[in-house]
Amino acid sequence: MEMLRGFATVARTGNLSDAADALGRTPSAVSMMLKQFETHLGEPLFETDRKNRLTALGTFVLEQAERELQQFDNTVRAIEGYARAAHGRVRIATVPSVASTIIPRVLSRHMPDFEQLDLEMRDMDSSSIRHELDRNRIDIGIGTIGEHVAGLDSTLLMRDAFGVICARAHPLAAERGPVTWEALEGHRLIANSLSANIAAEPARALHRGSLLTAQNVASILGMVQANIGLTILPEMTTWAAAQSGLVFRPLADKAARRELHLVKKHDATLSPAARLFETRILETVADWNRGDAVRP
């Protein structure tokens, strides 16, 4: 390949001196290389020793060399770009609240790092994230997946407190301060898979008595907006609801919170691009937890 590059440079410049400067070699070294190339082919590449006129073979070799050099250089750039995390594919799945808050901040802060990446972003529930990881369909997942799950490496990102969300016309909307479990008795609860995981017995009792369950956050908030009932969701899932005329009140039970983990396959090696994206997520969440990030 270097012999082709040397020949093509001489052919384009028309003399050994300029070609040697372009190649970073001495004119004698370039001349010797050309002689070796011609000896290998058994035919001259230039009409004269001045190297300013190609033979028919030289013209053909130049056409082939330039095409192969371009392909080779493109391949090298692609390999180097992948190694620098400038190129490649990253597949991420997160719960919807992270997809609408943390991930946009990662991208907005570090977009120059990812402009050449093929980024596939999906939002789904935590059980689906684990399912996709198990089948190697994603590189990184973020959800309520525990720290000690077989086959997965898990990093705690943040803890997110639950609260009550209701319509402005709901009786609880007029009150202030944290809401106790007792205060929710007698109100229609729209149960969901997130609130169903709260371990407190009063919460479990409320869910056992609920006759209405929904899983999609948009559907849940739509029913709350219609004042069909109230629901219990983590704070991150409700920031968008503030624009919908809904009221969020924190729970008095400080233990009612979910843990969000970044998870990946234990036996899988992330690509350089995926490792960089993981690093940027951790940095952004660290700022978020310190309060350095502007929240909705």
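One can find the structure itself at the top, above this paragraph.
To keep things clear, this report deals only with the structure shown in the data block. Everything numeric in this text was worked out from a predicted model, so none of it was measured. (Residues numbered from 1 in each chain as written. Predicted model: local features only at pLDDT ≥ 70, side-chain atom pairs only at ≥ 80, totals over all residues. Heavy atoms only, no water.)

### A look at the overall build of the chain
Broken down by element type, the chain carries eleven helices and nine strands. Relative to the globule expectation of 19 Å for 296 residues, the C-alpha radius of gyration of the chain, 31 Å, shows a markedly less compact shape. Structurally, the chain occupies a C-alpha span of about 100 × 35 × 30 Å along its principal axes. Burial status across the chain gives 44% buried among its 296 residues. When contacts within the chain are restricted to residue pairs at least 6 apart in sequence, those whose partners lie at least 24 apart make up 69%. Taken as a whole, the chain presents about 15700 Å² of accessible surface, with 50% of it coming from carbon and sulfur. Computing the positive centroid from 34 side-chain charges and the negative centroid from 36, the chain places the two 4 Å apart. (Helix = DSSP H or I, 4+ residues; strand = E, 2+ residues; numbered from the N terminus. Rg over C-alpha atoms; globule rule 2.2 N^0.38 Å. Buried < 20%, exposed > 50% of the residue type's maximum accessible area, 1.4 Å probe, protein only. Contact = heavy atoms within 4.5 Å. Areas by Shrake-Rupley, 256 points an atom, 1.4 Å probe, with all protein chains shown as cover. Lys, Arg positive; Asp, Glu negative; His and termini not counted. Charge placed at Lys NZ, Arg CZ, Asp CG, Glu CD.)

### Structural notes on helix 11 (residues 272-290)
Look at helix 11: 27 Å from first C-alpha to last across 19 residues, which is about the 27 Å you get at 1.5 Å a residue. For helix 11, every residue scored as buried is listed here: P272, A273, A274, L276, F277, E278, R280, I281, T284, V285, D287 and W288. Positioned one or two residues after helix 11, G291 has a phi angle of 90°, which is positive. (Expected span 1.5 Å × (residues − 1).)

### Digging into the nonpolar core
Counting 35 residues, the largest nonpolar core has V98, I102, I129, M158, F277 and I281 as the members making the most contacts within it. Listed by contribution, the elements that provide at least two residues to this core are strand 1 (89-94), helix 6 (102-114), helix 7 (126-134), strand 3 (140-143), strand 4 (152-167), strand 9 (257-265) and helix 11. When residues in this core are grouped by element, the largest group, seven residues, is from helix 11. In this structure, I102 is in contact with M158, M236, T284, V285 and W288, ignoring residues within four places of it in sequence. (Core = buried A, V, L, I, M, F, W, Y, C linked by side-chain atoms within 4.5 Å.)

### Side note on the layout of surface pockets
Summary: where empty space remains is shown by rolling a probe the size of a single water molecule over the atoms. Of the volumes computed, that of the second largest pocket is approximately 150 Å³. Forming the walls of the second largest pocket are T144, F162, L194, N197, I198, A199, A255, A256, R257 and R258. Its residues placed into classes, the lining of the second largest pocket shows six nonpolar, two polar and two charged. (1 Å grid on protein atoms, 1.4 Å probe; cavity = no way out; pocket = protein on both sides within 12 Å on 5 of 7 lines; lining within 4 Å. Points joined across faces, edges and corners; volume = space filled by probe spheres on them. Nonpolar A, V, L, I, M, F, W, Y, C, P; charged D, E, K, R; others polar.)

### Topic: the packing of aromatic side chains
Evaluation of the coordinates by the stated rule reveals three aromatic pairs. Through a chain of ring-to-ring contacts, three or more aromatic side chains come together here, namely F7, F37 and F46. (Phe/Tyr/Trp six-rings, centres within 6.5 Å; stacked < 30°, edge-to-face > 60°.)

### Some remarks on the packing of helix 6 against helix 11
At a minimum axis distance of 9 Å, the contact between helix 6 and helix 11 shows a crossing angle of 130°. By the angle between their axes, helix 6 is oblique relative to helix 11. Seen along the crossing, helix 6 lies across helix 11 with a hand that is right-handed. The residues of helix 11 that touch helix 6, namely those facing I102, I103, R105, V106, L107, R109, H110, D113 and F114, are L276, F277, R280, I281, E283, T284, V285, D287 and W288. Along the lines of polarity and charge, the residues of the contact of helix 6 with helix 11 split into ten nonpolar, two polar and six charged. (Axes fitted to C-alpha atoms, helices over the stretch in contact; angles between N-to-C directions. Parallel < 35°, antiparallel > 145°, perpendicular 65-115°, else oblique. Left-handed = near helix turned anticlockwise from the far one by under 90°.)

### A few points about the pattern of salt bridges
The tally for this structure, following the rule as stated, stands at 17 salt bridges. Here D73 ties to R5 by a salt bridge, and the two come within 2.9 Å at their closest N and O atoms. Of the two residues, D73 is situated in helix 4 (residues 56-83) and R5 in helix 1 (residues 2-13); the sequence distance between them amounts to 68 residues. The partner of R249 in a salt bridge is E175, with the nearest N and O atoms 3.6 Å apart. Within this pair, whereas R249 is found in strand 8 (residues 246-250), its partner E175 is found in the loop between strand 4 and helix 8 (181-184), the two being separated by 74 residues in sequence. In this structure, a network of salt bridges that share partners links the residues R89, E120, R122, E132 and R137. (Salt bridge = Lys/Arg side-chain N within 4 Å of Asp/Glu carboxyl O.)

### A word on the environment of L211
Within the secondary structure, L211 sits in the loop between helix 9 (201-208) and strand 6 (212-213). Between the alpha carbons of L211 and L189 there is a distance of 7.9 Å; along the sequence they are 22 residues apart.

### Notes on the packing of helix 1 against helix 3 (residues 27-41)
Where helix 1 contacts helix 3, the two axes come as close as 10 Å, and the packing angle between them is 110°. Taken together, the axes of helix 1 and helix 3 are roughly perpendicular relative to one another. Relative to helix 3, helix 1 is oriented so that their crossing is left-handed. Mapping the contact onto sequence places E2, M3, L4, G6, F7 and V10 in helix 1 and V30, M33, L34, Q36 and F37 in helix 3. Grouping the amino acids of the contact of helix 1 with helix 3 by side-chain chemistry returns eight nonpolar, two polar and one charged.

### Some words on unusual backbone geometry
A positive phi angle, near 55°, is found at N136, a position not held by glycine. Looking at the element boundaries, N136 is found in the loop between helix 7 and strand 3. For N136, a relative accessible area of 44% translates into the label partly exposed. In the Ramachandran plot, N227 falls in the positive-phi region, its phi being about 60° despite a non-glycine side chain. Mapped onto the elements, N227 comes out in the loop between helix 10 (217-225) and strand 7 (230-234).

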